[in-house]
Amino acid sequence: MLKVKDLHAEINGKEILKGINLEVKPGEVHAIMGPNGSGKSTLSMVLAGNPAYTPTGGSVEFYGKDLLAMPPEVRSHEGVFLGFQYPVEIPGVSMVNFMRAAVNAKRAYFNQPPMSATDFLKMMREKRAVVELDNKLASRSVNEGFSGGEKKRNEIFQMAVLEPKLSILDETDSGLDIDALRIVAEGVNKLKTEKNATIVITHYQRLLDYIKPDFVHILYKGKIVMTGGPELALELEERGYDWIKQQIDKED
Amino acid sequence: MSALKQYLDLYSEHHDILDAHSAEAINSRRCEAFQKLSEMTLPKAGSENYENCDPEGLLAPDYGLNIAKLDIDVNPAASFHCDVPRLSSAPFMVINDTFSCSSESLSRLPEGVEAGSIRQLADENPDLFNQYYGNAASLDNPFVALDTLLVQDGFYLRVRKGVKVEKPLQLVNILQNGMPLMAVRRMLIIIEENAEAKLLVCDHTQNPDIDFLSLETIEIFVKENGEFDLYNLEESTAKTHRISSLYLDQEKYSRVVIDGMTLYNGVTRNEYFCNLNGEEADLRLLGMGIEDESRSVSTYSHISHHVPRCKSDELFKFSVDDSARASFTGRIYVAEGAIKTEAYQSNRNLVGSDTARMESKPELEIYNDDVKCSHGSAIGQLDPMEMFYMRTRGLDEATARLLLKQAFMSDIIDGVRIEGLRDRLHNLVERRFAGASSACASCAGCGMKE
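What counts as what
- Along each chain, residue indices are assigned from 1 in the same order as the chain's sequence is written.
- All chains are assigned letters beginning at A, and all ligands numbers beginning at 1, according to the order in which they are written.
- For a predicted model such as this one, the threshold for reporting local features is a pLDDT of at least 70, and the threshold for listing and counting side-chain atom pairs is 80 or more; totals across whole chains, interfaces and linings nevertheless cover every residue.
- Side-chain measures here rest on the full set of heavy atoms in the structure, leaving out hydrogens and waters.
- Salt bridge criterion: a side-chain nitrogen from Lys or Arg within 4 Å of a carboxyl oxygen from Asp or Glu.
- Numbering goes from the N terminus for both helices and strands, where a helix is a DSSP run of H or I of at least four residues and a strand is a run of E of at least two.
- Partly exposed residues are those whose accessible area sits between 20% and 50% of the maximum for their type, while under 20% is buried and over 50% is exposed, using a 1.4 Å probe and protein chains only.
- Nonpolar cores were defined as sets of buried Ala, Val, Leu, Ile, Met, Phe, Trp, Tyr and Cys residues, with membership established by side-chain atoms within 4.5 Å.
- Working rule for contacts: check all heavy atoms of both residues, and any pair within 4.5 Å makes them a contact.
- By this definition, two strands are paired if DSSP reports at least two bridges between them.
- Axis lines are fitted to C-alpha atoms, over the contacting stretch for helices. Their N-to-C directions set the angle, which ranges from 0 to 180 degrees.
- Buried area is a sum: the accessible area each of two parts loses on coming together, probed at 1.4 Å, counted once for each and added.
- Contacts described as polar in this section are N or O atom pairs within 3.5 Å, which, within protein, must combine one atom able to donate a hydrogen with one able to accept it, while residues neighboring in sequence count only if both atoms come from side chains.

A few words now on the pattern of salt bridges. All names here are of chain B. Following the criterion strictly, the structure yields 45 salt bridges over all chains and no others. Residue Arg 158 pairs with Glu 192 through a salt bridge whose shortest N-O separation is 2.8 Å. With a gap of 34 residues between them, Arg 158 in strand β4 (residues 154–159) and Glu 192 in the loop between β6 (181–191) and β7 (196–205) connect regions that are remote in the sequence. Taking relative accessible area as the criterion, Glu 192 reaches 9% and is therefore assigned buried. Where Asp 229 meets Arg 417, a salt bridge forms, and the shortest distance between an N and an O atom there is 2.6 Å. Here Asp 229, found in strand β9 (residues 227–235), pairs with Arg 417, found in the loop between α11 (397–414) and α12 (419–433); they are 188 residues apart in sequence, far enough to count as distant.

Following this line, the structure appears as structure tokens:
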């Protein structure tokens, strides 16, 4: 599904990603962990196509297509979804109009007619149930005045609506209390199939109690420096990142 | 040579014609206006309080006036239809510079509401007319003086004590002519004690290829505990020049909303002079302008808190693209002794191209300590993170931009307290940003007629 080869990227002339290699296959869950400033969020932004970040080397293939050549909206249509660490508030744009525009943009991309109002509302109702999202939020402006938990649930709700092949969840657990974390994680698990894949970016092992990863990667100084199974996350929880930092810095 | 000269000459040579087609009480004011204008030099383009406004340039062309009231072959009333829900059925109309009497609209007025031709009011009830006419507007303002010199008719509305008009009233100002024309109008609105009304004023131009200049002075008096909403929507053409000077006098406990929306225009100058004269008067002054191509809007507002415990809340928003220009100059004056004043001002603007220009100038003049005042001014571009967020959900750049621009104007529209109109305005703004052309003849192009 996703093949990242020697990916380099910079923002404002500063190189953040220094050669990422990563392969994700359908049905897999990958966790990317790492200390602050290691490049985790940058990786998610580059994969989703944030124009503020410039890929300077390497390649990213998504089902054989050059992902880096696509504008963000085409990546979305092709099946890439980014769950934001800080979901953006958009005052004045209602959730329901936003999602209708999103759904119909995707349908237009695949030469399908816009969804009827009845079908759309029915779908919204079904998808809201996935993350127990309050109906009231649908008529409000996108993320405006939402609590931290509501914002993150709203991300998973949008993921449910767009049915991506690859979901990149950037610190979806940050700012969540334990109940909200459970709801969000259960939402992600409900949406999991053999055909789609998830990259979970997180600081803490906590989220991985709920979303079981197949692979755990450790990102440090713009590179994946270690890859292991779920046990690696547990080890990190216990020992922190310092031993890895020391090990890598010694090699440098 | 000053642009004023042609108007002074016109008056000197033809004041008998002007007078013959107007009312004595209106005519009697021309002399003083003539004096004022004779001694006046027009403010220079871009000078203090005239940012992005060129009075000479606006008044210099010889548009031609129809002071003899020759019949212009129009019957917009027949073709005009506006179906904003919940408005009173038939709109009042001013065609160019003359109130167009529609007996239908006049006969259906609720009890306690008087409306019609200001010329007729001056003829039939000169005492009432003289009590208000020219009492809020100042002849030191060149545009008011010129209006007073040349005006022959316009619209007046009076809502009597305690009368609450439920359905919003509508006035449609139409510019229509086969050759260039200057239309001079006047509006007088009196909301008496405990009375309540809402008025939607739509300014339309029928002929897109003709140059027009509309010059209008609006005087509004809201008495004790009165409530009044004025929504003024300009949907004109690139060749329409407009000068509108609004004066508002508010007495104690009165509540007023003024919302000036420029959807399509050519060159516009909007002035708002608001006087809070009675304690606990409350004013919400809103406005927006959507400017692209080479359109231009200059906005000047002056809110004066003369007495304690009044509140004013001001918000203007502009979007400028291409080589359009917009300006906002907003002064808030809090007099000595006007304690417990609350005055808030905000001006936010989107600039969408390198050649578009926006000027913003907040001015606060406060002469006592015990007040809550704030002002904020921002000029910027669409937020790149908001754009990116929307694109990750599959919206292309153009759609994301359209939604964000619409959203930007939404709080101006949400300030409208006529439900049906609010929905229409959201729709109009969407169409406007989506690039629909004006073609607003009989509102057919603006979506109000379907």
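Below, the discussion takes up the nonpolar core. One finds Leu 2, Met 99, Leu 166 and Ile 199 of chain A together with Met 390 of chain B to be the most contacted residues of the largest nonpolar core, which totals 89 residues. Leaving out residues up to four positions away in the same chain, Leu 166 of chain A has contacts with Met 1, Leu 2, Val 24, Phe 62, Gly 79, Val 80, Phe 81, Ala 197, Thr 198 and Ile 199 of chain A.

With that settled, the discussion passes to the pairing of β6 of chain B. Within a regular beta strand, the side chains point alternately toward one face of the sheet and then the other, so they alternate between its two faces. All names here are of chain B. Within β6, eleven of the eleven residues are buried, which leaves it mostly tucked inside the rest of the structure. Side chains Leu 181, Ala 183, Arg 185, Met 187, Ile 189 and Ile 191 of β6 all project onto a buried face; the interleaved residues Met 182, Val 184, Arg 186, Leu 188 and Ile 190 project onto the opposite face, where all are buried too. When β4 meets β6, the two strands line up parallel, connected through six bridges. Pairing of Tyr 156 across the sheet is with Leu 188, part of β6. Pairing analysis gives eleven bridges linking β6 to strand β8 (residues 212–222), with the strands arranged parallel. The residue bridging Leu 181 from the neighbouring strand is Phe 212, located in β8.

Residue and element names in this part refer to chain B. With mixed pairing, nine strands are arranged side by side in an open sheet as β3-β4-β6-β8-β10-β12-β14-β16-β18. Edge strands, defined here as strands with exactly one partner in the open sheet, are β3 (113–117) and β18 (357–366). Strand-to-strand, the axes of this sheet are offset by a mean angle of 5 degrees, without reference to chain direction. Here ten bridges tie strand β12 (residues 267–276) to strand β14 (residues 296–305), and the two strands are oriented parallel to one another. Counterpart to Val 267 in the pairing with β14 is Ser 296. Packing of helix α9 (residues 142–150) onto the sheet brings it into contact with β6, β8, β10 (240–250) and β12, and relative to β6 it is tilted by some 100 degrees.

On to the interface of chain B and chain A. Contacts between the two partners involve 16 residues from chain B and, on the opposite side, 30 residues from chain A. Across the chain B/chain A interface, buried area totals approximately 1800 Å², and carbon plus sulfur atoms make up 71% of it. Looking only at chain B, the three residues that lose the most surface to chain A are Phe 388, Tyr 389 and Arg 393 of chain B, adding up to 41% of its buried area. One salt bridge in this structure joins Arg 391 of chain B and Glu 73 of chain A, with 2.8 Å as the shortest N-O distance. In this structure, the connection of chain B to chain A is made through ten residue pairs in polar contact (both at pLDDT 80 or more). Every element with two or more residues in the side of chain B that touches chain A is listed here: α10 (384–392) and α11 of chain B.

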